[in-house]
Amino acid sequence: MIRSPLTIPEPDRTPAIVTHLSPLAGFLIPTVGNLLGPLVAWLAYRDRSRALDDQGKEALNFQISWWLYSLVVGVLGFALFSLGLLGGAVGAAAGAPDVGAFAFLGSFGAFFLLFLPVLLITSLVPFVFMILAVVRVSAGQAYHYPLSIRFLK
């Protein structure tokens, strides 16, 4: 779907910036603050103008999408790490301590070399996109988040 370029009028820029910065509420209320912030901002400003309604939906859709992506990465990381530990324990119990140690150390290696960088990326990417949104909105241009599933249209 191609969207027409939407400009944000001067009086609506500050509320739009607040909407895009509202996921920082995640620092006050971990886990759900980054969802509650945009939801509250969108509900507060959506009736003022079409631009604020659009930007509120953008921020909320992106935060919901990114929360789901992070949940999937976290569950997969936990499952793989647990399987590695379980494999190490089973290998050690089966009388093959070398295999058990290899699986155990491989699980920790995968955690530090793969999962922690992915976790860092899933933490930093939303912050970068949020800053890009604030810069774009402060210039009067609408911002559309990449990698966002459109739950609210």
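Structure's up top.
Residues numbered from 1 in each chain as written. Predicted model: local features only at pLDDT ≥ 70, side-chain atom pairs only at ≥ 80, totals over all residues. Heavy atoms only, no water.

**Q** Quick question: what am I supposed to make of the pattern of salt bridges here?
**A** Any two side chains of opposite charge can pair, so long as their charged atoms come close to each other. This model, assessed by the stated rule, comprises three salt bridges. One salt bridge in this structure joins E10 and R13, with 3.0 Å as the shortest N-O distance. Pair noted here: E10 and R13 are both in helix α1 (residues 10–21), with a separation of three residues, about one helical turn. With a relative accessible area of 55%, E10 lands in the exposed category. (Salt bridge = Lys/Arg side-chain N within 4 Å of Asp/Glu carboxyl O. Helix = DSSP H or I, 4+ residues; strand = E, 2+ residues; numbered from the N terminus. Buried < 20%, exposed > 50% of the residue type's maximum accessible area, 1.4 Å probe, protein only.)

**Q** What should I look at first to understand the side chain of S49 in this one?
**A** Here S49 is to be found in the loop between α2 (33–45) and α3 (50–93). What makes S49 buried here is its relative accessible area of 16%. A polar contact of 2.8 Å, which involves the side chain of S49, links it to the side chain of D12. Here the side chain of S49 touches L52 through a polar contact of 3.2 Å, landing on its backbone nitrogen. (Polar contact = N/O pair within 3.5 Å; in protein donor to acceptor, adjacent residues only side chain to side chain.)

**Q** Can you walk me through the nonpolar core in this structure?
**A** In this structure, I8, A16, F62, F129, V137, Y143 and Y145 are the most contacted members of the largest nonpolar core, which totals 18 residues. Looking at this core, the elements with two or more residues in it are α1, α2, α3 and α4 (97–138). If you tally residues by element for this core, the top one is α3, at five residues. Other than its neighbours up to four places away in sequence, A16 contacts I8, L52 and V137. (Core = buried A, V, L, I, M, F, W, Y, C linked by side-chain atoms within 4.5 Å. Contact = heavy atoms within 4.5 Å.)

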